[in-house]
Amino acid sequence: MSQSEHVDVLIVGAGLSGIGAACHLRTRFSHKSIAILEAREALGGTWDLFRYPGIRSDSDMYTLGYRFKPWVERESIADGPSILRYLHETAREYGVDKLIRYRHRVARAEWSSVDARWTVTVERSDTGETVQLTCGFLFACAGYYRYDQGYTPELPGIEHFQGQVVHPQHWPEDFDYAGKQVVVIGSGATAVTLVPAMARDAAHVTMLQRSPSYIITIPGQDALANGMRRVLPGRAAYAITRWKNVLLQLGIFRLSRRFPNRMRSLLKKLVRMQLPDGYPVETHFDPPYDPWDQRLCLVPDGDLFKSIRRGDASVATGRIDTFTRSGIRLGSGMELEADIVVTATGLNLLAFGGIEFVVDGREISLPETMAYKGVMLSGIPNFAYVVGYTNASWTLKADLACEYVCKLLEYMDTHGYDRCLPERDPSVAEEPFLDLTSGYVQRALHKLPKQGDRAPWKLRMNYPRDIFTLRRGEVADEGLTFDTAPERALH
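(A) Fine view of the sheet that holds strand β17 (residues 340–343). Pairing within the open sheet is parallel, and its 5 strands lie in the order β8-β17-β9-β10-β13. Looking along the sheet, the strands with just one partner apiece sit at the ends: β8 (164–166) and β13 (313–317). Each strand axis lies, on average, 20° off the axis of its neighbour in the sheet, ignoring direction. When β8 meets β17, the two strands line up parallel, connected through 3 bridges. The residue bridging glutamine 164 from the neighbouring strand is isoleucine 340, located in β17. Against the sheet, helix α5 (residues 189–199) makes contact with β9 (181–185), β10 (204–209), β13 and β17, and its axis sits at roughly 165° relative to β10, the strand it touches most.

Take a look at the structure:
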């Protein structure tokens, strides 16, 4: 990549969001030049990075799949390799695989209002070079967590442990745990996926949690979707299933927020039905927070509970006192024997791939910015990002964000504008960027942008409502300004 290279739209990240963004842009703008910069050596993002046993979607694939690319496999909750195949197939089908430049990490992006363009500094891990290119519009599709580092809390006495310790984000190739005693520390989506998957081969797997999470069983296959595909065109069946699942997700979320005690009782009842009589559900599956203060953990076909019933897996709830040579001792005095400890303790959030933003020579502090329509940031021109829903499938919001960016670029082309800029209204009160109590969110909130208390600065975790705002709403409103560069740099 030469220093003088310029593209109309630069996409950062070649995961679920970046591939989708490129497909939308290629479909709408055959004349625009597009490049995708990917820091890793392969496309797929999360679905290429994570290799731990049982890796799967935590949403149904009829809403996690793209709106424009129907999911046609029988499994509704899909494993990682199936999702990765879907992404590769989509990239090839739309020709965006040829736009990806691997081992290109974006370190810094500097905006010039005079030139109406970004100068982007890129670190190439394949050659060790630092190079630059320019673009008219920058689109961050890098997710929201650090790919090179998972989160591990302080684990007292871990230096005494004689067994193996592994983080799911850095799963060793061909890791052998057959016949071993395994302790998985954690209670979130990764832990409830790992436990039943490892229990098939391990001697025993214990899920050690400091506090419980809400867990709900859903069918691994969607009978309605698979039935409709036999009698309806594929796209029609996909659309119906997608909307059925959207409304179901939204309904569960709304009921959880409106009637938390009733939902808590219902969720515990559903868990109790899947476990042996007398199982201490109140100890292990009754979280201290309300439903949907954190994401619900999905287990397809109740695989976690089946493992517990068979005796292949168990749950321990309590505080770690210390690691010992052969396992973990809890504050209660209970000792867990372990050959292997898996620290499924979460993620480190990293906004927009860790890019440093500079606008007309001024360093931008992300906590001082405010999200505009959940797609752009105040004070940063010609920039958009994808951050999916916390209460529904990521791709529902990603698709809408991409459609909005396409509308925005069309509007600018039509009116001859070079720059679009969300300008913050000082009367809008600040609220946290993400409304979740999960540890990984709370640890990073001080580093993230803010959202506002009213539209268009409020992040609506509501897909049907966002359709009217992003897909069907007007581009120009009181929060967004447009202008033409006073002077064009010659390139």
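(B) Spotlight on the pattern of salt bridges. This structure, assessed with the given rule, holds 35 salt bridges. Put simply, glutamate 41 and arginine 40 hold a salt bridge, and the shortest N to O gap is 3.9 Å. The class for arginine 40 is buried, based on a relative accessible area of 14%. We note a salt bridge from aspartate 303 to arginine 56, for which the minimum N-O separation is 2.7 Å. Here aspartate 303, found in helix α10 (residues 303–310), pairs with arginine 56, found in the loop between α2 (46–49) and α3 (61–64); they are 247 residues apart in sequence, far enough to count as distant. Note on arginine 56: relative accessible area 12%, which makes it buried.

(C) Spatial organisation of the packing of helix α7 (residues 234–258) against helix α13 (residues 463–471). For the pair α7 and α13, the least separation of the axes is 10 Å and the interaxial angle reads 115°. When the interaxial angle is binned, α7 and α13 end up roughly perpendicular. On α13, the residues touching Arg242, Trp243, Val246 and Leu250 of α7 are Tyr463, Pro464 and Ile467. Classifying every residue of the contact of α7 with α13 by side-chain character gives 6 nonpolar, no polar and 1 charged.

(D) Summary view of the sheet that holds strand β15 (residues 327–330). Sheet architecture is open: 3 strands sit in the order β14-β15-β16, paired in antiparallel fashion. The sheet is open, and its two edges are formed by β14 (320–324) and β16 (335–337), each paired on a single side. Here the average twist between neighbouring strands, direction ignored, is 20°. Alignment of β15 against β16, held across 3 bridges, turns out to be antiparallel. Considered in β16, the bridge of arginine 329 is made with glutamate 335.

(E) Structural detail: the packing of aromatic side chains. For the structure shown, the criterion picks out 26 aromatic pairs. When the centroid spacing of 5.2 Å and the interplanar angle of 70° are considered together, the rings of phenylalanine 68 and tyrosine 94 count as edge-to-face. Of this pair, phenylalanine 68 sits in the loop between α3 and α4 (80–93) while tyrosine 94 sits in the loop between α4 and β3 (100–102), placing them 26 residues apart in sequence. For tyrosine 94, a relative accessible area of 22% gives the class partly exposed. Ring-pair connections join several aromatic residues into one group, and the members of that group are Trp111, Trp118, Phe352, Phe357, Phe383, Tyr385 and Phe433. The ring of phenylalanine 259 carries the charged tip of arginine 262 above its face, separated from the ring centre by 5.0 Å. Just above the ring of phenylalanine 468 sits the side chain of arginine 472; from NZ or CZ to the centre is 5.3 Å.

Conventions we followed
Residues numbered from 1 in each chain as written. Predicted model: local features only at pLDDT ≥ 70, side-chain atom pairs only at ≥ 80, totals over all residues. Heavy atoms only, no water. Pairing = 2+ DSSP bridges. Helix = DSSP H or I, 4+ residues; strand = E, 2+ residues; numbered from the N terminus. Axes fitted to C-alpha atoms, helices over the stretch in contact; angles between N-to-C directions. Contact = heavy atoms within 4.5 Å. Salt bridge = Lys/Arg side-chain N within 4 Å of Asp/Glu carboxyl O. Buried < 20%, exposed > 50% of the residue type's maximum accessible area, 1.4 Å probe, protein only. Parallel < 35°, antiparallel > 145°, perpendicular 65-115°, else oblique. Nonpolar A, V, L, I, M, F, W, Y, C, P; charged D, E, K, R; others polar. Phe/Tyr/Trp six-rings, centres within 6.5 Å; stacked < 30°, edge-to-face > 60°. Lys NZ or Arg CZ within 6 Å of the ring centre and 35° of its normal.

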